[in-house]
Amino acid sequence: MTARSAPQSPVTVRMFTQRLSATPRGARLARYLALDQLRAWGLPYDSDTAQATAVIVAELAANAVTHGRVPGRDFELRLSLVPGSVRIEVTDTRTEPRPPDPDAVRTPEPLAEAGRGLALVAALAARWEVLDREPPPGKTVRAEIDVPGWLSLPGR
């Protein structure tokens, strides 16, 4: 005779992956696709989570297009709805230049013309990091946004 195990609710991880051209148009499309995917997962467009995701995707995609572009190669957007948060990953195929680590991001001067992108990511994400791309070459910037009311999402 075997003992019955306690019933457990399944953990569902939803994932969306899209390769996009390393152009300004591809970066813009990444933002629209991210918002549409979150809406499909039950996170409304006007929610704080969706708006923070849109800004983070826009900044990371713009960085991939501007600093991580290799002619003829795309960048990749991956969204995951994991228990308690939305995970955003943007991967390019250029190893250098590498973004600073989260603790090394500095607030730009008020009149500086650049340098706000990763400061926005740091301000909006609960956590973020820079990883080596697998398989090489390249890098992935991963950010997570905590989702308030996670348990009330439809079909979580």
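Up top you'll find the structure we're talking about.
Predicted model, so just to flag it, every value in this text is computed and none were measured. (Residues numbered from 1 in each chain as written. Predicted model: local features only at pLDDT ≥ 70, side-chain atom pairs only at ≥ 80, totals over all residues. Heavy atoms only, no water.)

Caption draft 1: Looking closely at the packing of helix α2 (residues 48-66) against helix α3 (residues 117-124). Closest axis-to-axis distance for the α2/α3 pair is 9 Å, and the angle between their directions is 150°. Comparing the axis directions of α2 and α3 gives the class roughly antiparallel. Considering only the axes of α2 and α3, their crossing is left-handed. Two secondary-structure elements touch here, α2 through A52, V55, I56, E59, L60 and N63 and α3 through G117, L118, L120, V121 and L124. (Axes fitted to C-alpha atoms, helices over the stretch in contact; angles between N-to-C directions. Helix = DSSP H or I, 4+ residues; strand = E, 2+ residues; numbered from the N terminus. Parallel < 35°, antiparallel > 145°, perpendicular 65-115°, else oblique. Left-handed = near helix turned anticlockwise from the far one by under 90°. Contact = heavy atoms within 4.5 Å.)

Caption draft 2: Quick look at the pattern of salt bridges. Under the criterion given, the structure shown has nine salt bridges. With its nearest N and O atoms 3.0 Å apart, the salt bridge here joins D92 to K139. Placement of D92 in strand β3 (residues 85-92) and of K139 in strand β5 (residues 139-146) is noted, with a sequence separation of 47 residues between them. By relative accessible area, D92 is classed as buried at 7%. Residue K139 is classed as buried on the basis of its relative accessible area, which comes to 4%. When the shortest N-O distance is used, the salt bridge between R98 and D132 registers 2.9 Å. Here the residue R98 occupies a position in the loop between β3 and α3, and D132 occupies one in strand β4 (residues 127-132), the gap between them amounting to 34 residues. Connected via shared salt-bridge partners are R87, R127, E144 and D146. (Salt bridge = Lys/Arg side-chain N within 4 Å of Asp/Glu carboxyl O. Buried < 20%, exposed > 50% of the residue type's maximum accessible area, 1.4 Å probe, protein only.)

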